[in-house]
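# Coordinates in review
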Amino acid sequence: MATKLLKRPKLTFGEKIYLPAIAKGLIITLGHAVRTFLQINAKKPKFTMEYPEEKWDAQLPDYYRGAPALVTDEHGRERCVSCQLCEFICPPRAITITPGELPKDDAFAKVEKAPREFKIDMIRCIYCGMCEEVCPEQAIFLRKDYAITGTSRAEMVHDKTRLYEIGGIRTGLVNKWNDLK
Amino acid sequence: MDWLSFTLITTLIKIVGLCFVAILGLVSYTVYAERRVSAIIQDRVGPNRVGLPLTLLGFKKDVSFLGLFQPLADGIKFILKEDFTPAHVKKFYFWLAPALCLVPALLTCAVLPFGSSITIPWNGSERTIPLVIANLNVGPLFVFAIASLGVYGIVLAGWSSNSKYPFFGSVRSTSQMISYEISLGLSLVPVLLVMGELNLVTISQQQSEHGWNLLPYSLRDGFDLNRWLLLIPLGLAFVTFVIAMFAETNRLPFDLPECETELVGGYHTEYSSMKFALFFMGEYAAMIVGSGITVTLFLGGWSLPLGLDNYLPKGTVWVGLLHTAVFFSKLIAFLIFFIWVRWTLPRFRYDQLMRLGWIWMFEICLANVLLTAGILWYIS
């Protein structure tokens, strides 16, 4: 390996006694302080967004990974067929699925399944998006909700109703069992 | 007996007022100021929320008062936190150390003259209360003697914690304090030579009559070239004293005893809850007392600039209170300077610190003493 010899810079007397540099630094920080102080006084801090009052939601990118949620298709049918792939891929094992049958009178009772219970523990979830990636039915998506709060552990577990509530309806994409295909 | 009880009562009021109301109140608001000032220096906003939680009582909006209730919230948090004592510590010294850190800092404020004097009628006669807790003839020496006890708190904390990072922190702190105590003491000698006095009350009094040490001009005395000549060593003494003061109080750029990147938290790594808060308060109280000493010795203590006090009636209550206000405003300005420096300068490397202390500061202070003596001899 080639060795590169660096020359130490020759310091002038002014640089050696260090005090002028300190004064310069103090002036720079004072400039920042005064500028920011004036901005705060004018209620318009340049870089700060006062969180609960102002939010960045409008600027969130499309690929933002927030809370995972289940979606229904345009016919109001749940897309999830409880194949449990997301449960298996989930790195922190946040997803628990209890597979079940569709009700007997359903038109697709013979051909498809649906989860009886679908739980995502939001304390465990790491928002990696692997469930969305692995889902063959495009039934689970990461939405833009990021303020997931609760006062107990039980409250932080999203069940099926809550998941569908967050997810809503998603049209297009895979249309497996309808005539449009 | 009457005189005794009068002295006792006024002294008690002064002790409670200065130590527990003024200094401790100032400590909590210095912490708040530290956070706000550091925030604006770094283009942030800082804590501006804590106020009256009116929404809890059913009102529409909270009142935040610029977050001025933050220290209160911090205090409550410290009290409510779990006070965890690790199993491997030496219990007695572990409990002793935080107190040893705070008490010397609060003790030193006894000699700080925080105002001129107040004359009030008492049992038919006029009595004068000097606005200082203890009018000692050895002011600065007392401060040094007590303030250097503060290092015991840090050493004991590091040693009794029985783990390596606190130990490193306390060892660093010891050597740093010993190195800088020398320049701290020596940098004061020029002031004492010029004033010919060790009593902080008299020093403040002289500065109020003849102008501050760093602004040697008073309207009554007029211009005096000799005093402006003395400004050279006094200015140098001021710079060295302030640098040594920064090192003594473990403030950045000399905060090696607790530098987070290397030592986790330094000497107070193992402490939690109110014990940690005591270290914190001790550090800030030392800072306040240090600023008080600097203000008293170099910036005229409680006096107005340009010898304006000569034209004010002496001893009236209002003038006494005005002087107290002047003293505390100078103190607060100096504290803001402390904070400003902290958020400007990076930390020294350890060998640089020792080099600066022993090779530069020590020699400069020694030379400054000789320079002052020479100038004084030349003047006389």
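Values in this document were obtained by computation on a predicted structure and should not be read as measured data. (Residues numbered from 1 in each chain as written. Chains lettered and ligands numbered in written order. Predicted model: local features only at pLDDT ≥ 70, side-chain atom pairs only at ≥ 80, totals over all residues. Heavy atoms only, no water.)

## Some remarks on the domain arrangement of chain A
Note the following rule: Residue ranges labeled as domains rest on an automatic or database domain assignment.
Taken domain by domain, chain A consists of domain 1 (15–48) and domain 2 (58–177). Using only C-alpha atoms to locate each centre, domain 1 of chain A and domain 2 of chain A end up separated by 49 Å.

## Some points on the interface of chain B and chain A
Rule in force here: We call two residues in contact when some of their heavy atoms are within 4.5 Å. As a working definition, buried area equals the accessible area (1.4 Å probe) given up by two parts on being put together, with both sides summed. Any carboxyl oxygen of Asp or Glu within 4 Å of a side-chain nitrogen of Lys or Arg constitutes a salt bridge here. Side-chain atoms alone can form a polar contact between residues adjacent in sequence; in general such a contact is a pair of N or O atoms within 3.5 Å, and within protein one must be able to donate a hydrogen while the other accepts it. Secondary structure is summarised from DSSP: a helix means a run of H or I of at least four residues, a strand means a run of E of at least two, and numbering begins at the N terminus for each. The residue classification treats Ala, Val, Leu, Ile, Met, Phe, Trp, Tyr, Cys and Pro as nonpolar and Asp, Glu, Lys and Arg as charged. All others, Gly included, are polar.
Contacts between the two partners involve 16 residues from chain B, matched on the other side by 19 residues from chain A. In total, about 1,500 Å² of surface goes out of reach between chain B and chain A, with carbon and sulfur atoms giving 67% of it. Counting across the interface, chain B meets chain A through one salt bridge. Taking the shortest distance from any N to any O, the salt bridge between A:E50 and B:R49 comes out at 2.8 Å. Linking chain B with chain A are eight residue pairs in polar contact (both at pLDDT 80 or more), by the criterion used here. When residues of the side of chain B that touches chain A are traced back to their parent elements, those giving at least two are helix 1 (2–41) and helix 12 (317–342) of chain B. Looking at side-chain class alone, the side of chain B that touches chain A contains ten nonpolar, two polar and four charged residues.

## With respect to the sheet that holds strand 3 (residues 113–121) of chain A
Residues and elements named next belong to chain A. The cut-off we apply is this: Each pair of strands is called paired provided DSSP finds at least two bridges between the two strands. Under this scheme, a helix contributes an axis fitted over its contacting stretch, all axes are lines through C-alpha atoms, and angles between N-to-C directions fall in the 0 to 180 degree range.
Strand order in the open sheet made by the three strands is 2-3-5, with antiparallel pairing throughout. Among the strands making up the open sheet, the edge pair consists of strand 2 (95–101) and strand 5 (157–158). Sheet topology places strand 3 next to strand 5; two bridges connect them, and they run antiparallel. By the bridge assignment for strand 5, D121 is matched with V157. Those strands touched by helix 5 (residues 160–167) are strand 3 and strand 5, and its axis lies near 85° from that of strand 3.

## Focus on the packing of aromatic side chains
Our working rule: Aromatic pairs are defined between Phe, Tyr and Trp rings, using the six-membered ring for Trp, whenever the two ring centres lie within 6.5 Å; interplanar angles under 30 degrees are classed as stacked, those over 60 as edge-to-face, and all others as tilted. Accessibility here uses a 1.4 Å probe with only protein chains present; expressed as a share of the type maximum, an area under 20% marks a residue as buried, one over 50% as exposed, and anything in between as partly exposed. Both a distance and an angle decide whether a charge sits over a ring: NZ of Lys or CZ of Arg must be within 6 Å of the ring centre and within 35 degrees of the ring normal.
Scanning the entire structure with this criterion turns up 22 aromatic pairs over all chains. Ring geometry for A:Y18 against B:F348: centres 5.8 Å apart, planes inclined by 55°, an arrangement best described as tilted. Of this pair, A:Y18 sits in the loop between helix 1 (13–16) and helix 2 (19–41) while B:F348 is found in the loop between helix 12 and helix 13 (350–379), placing the two residues in two different chains. On the numbers, 5.9 Å between centres and 70° between planes, the contact of B:F334 with B:F338 is edge-to-face. Of this pair, B:F334 and B:F338 both sit in helix 12, four residues apart, roughly one helical turn. The burial state of B:F334 is the same as that of B:F338; both residues are buried. Taken together, the ring pairs in this structure connect B:F238, B:F241, B:F246, B:F298, B:F334, B:F337, B:F338 and B:W340 into an aromatic cluster. B:K77 extends its terminal NZ or CZ atom over the ring of B:F78, reaching a point 5.0 Å from the ring centre. The positively charged end of B:K275 is found above the aromatic ring belonging to B:W95, 3.9 Å away from the centroid.

## A few points about the packing of helix 5 (residues 150–161) of chain B against helix 6 (residues 164–195) of chain B
Residue and element names in this part refer to chain B. To keep it simple, the criterion reads: Here roughly perpendicular refers to angles of 65 to 115 degrees, roughly parallel to angles under 35, roughly antiparallel to angles over 145, and oblique to all remaining angles. Each crossing gets its hand from how the near helix is turned against the far one by less than a right angle, where anticlockwise is left-handed and clockwise is right-handed.
One can describe the packing of helix 5 onto helix 6 by two numbers: an axis separation of 7 Å at closest approach and a directional angle of 155°. Comparing the axis directions of helix 5 and helix 6 gives the class roughly antiparallel. For the crossing formed where helix 5 meets helix 6, the hand is left-handed. Along the contact surface, helix 5 presents V151, I154, V155, G158, W159 and S161, while helix 6 presents P166, F167, S170, S173, T174 and M177. When grouped by side-chain class, the residues that make up the contact of helix 5 with helix 6 number seven nonpolar, five polar and no charged.

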